[in-house]
Amino acid sequence: MAEQQEQAAEDAMMTRIGQAVMLHHGGDREEAQGRFLGLWSEIGEEGDPLHRCTLAHYMADTQEDATDELAWDLRALSAADELTDERLHAHHDSIAVRGFYPSLHLNLAADYAKLGRPEAARNHIRRARGVVGALGDDGYGDGIRAAIGRLELQLGEGSEVE
């Protein structure tokens, strides 16, 4: 019974994060950012890695300052490094942690490019390209692969064919 209550609480947090994401996608960046900050204070720096990874990933998108965006994207990557497939499957059984890395490294590459740090950007775009095989042949995977290709061109990196 306690395990079911814990799982329900975890799902409730993911639902709350999703609600803030919808606010942001609906154009209310400030409200979304405020909610994310409130949820982050509940989760904490040592909280559930799935919650931290998800929240930080989306919180980065609400930042106006590229340095702040980078800080949140680094938090997302750090949390992903702590995340296990077992924990992830408790939330959704059709995804694996390795599928997070192409997007996480793409975001970091974009952050570093915005900050005028091309070598760091190239490092992360190479890392994104190196793990892109973890993505499915679907709209999401196609979108990430296309974004990697665009940023590779911007950075002067040769796009490799898989």
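This text follows the structure it describes.
To start, this report covers the structure provided alongside it. (Residues numbered from 1 in each chain as written. Predicted model: local features only at pLDDT ≥ 70, side-chain atom pairs only at ≥ 80, totals over all residues. Heavy atoms only, no water.)

Let's shift gears to the pattern of salt bridges. Tallying each qualifying case throughout the model produces eleven salt bridges. The partner of R29 in a salt bridge is E64, with the nearest N and O atoms 2.4 Å apart. Of the two residues, R29 sits in helix 2 (residues 29-43) while E64 sits in the loop between helix 3 (49-61) and helix 4 (66-82), which places them 35 residues apart along the sequence. The exposed category is assigned to E64, whose relative accessible area is 67%. Ionic pairing is found between R122 and E119, a salt bridge with its closest N-O pair at 2.8 Å. (Salt bridge = Lys/Arg side-chain N within 4 Å of Asp/Glu carboxyl O. Helix = DSSP H or I, 4+ residues; strand = E, 2+ residues; numbered from the N terminus. Buried < 20%, exposed > 50% of the residue type's maximum accessible area, 1.4 Å probe, protein only.)

Okay, the environment of F100 next. Within the secondary structure layout, F100 lies in the loop between helix 5 (85-91) and helix 6 (101-114). In this structure the C-alpha to C-alpha distance between F100 and D81, which are 19 residues apart in sequence, comes to 10.0 Å. Once residues lying within four places of it in the same chain are set aside, the contact partners of F100 are L50, C53, L83, L88 and I95. (Contact = heavy atoms within 4.5 Å.)

The next subject is the nonpolar core. Counting residues in hydrophobic clusters, the biggest one holds 43 residues, and the most contacted among them are I17, F36, L55 and L104. Elements represented by at least two residues in this core include exactly helix 1 (2-25), helix 2, helix 3, helix 4, helix 6, helix 7 (118-131) and helix 8 (139-155). In this structure, L104 is in contact with C53, H57, A76, L77 and A80, ignoring residues within four places of it in sequence. (Core = buried A, V, L, I, M, F, W, Y, C linked by side-chain atoms within 4.5 Å.)

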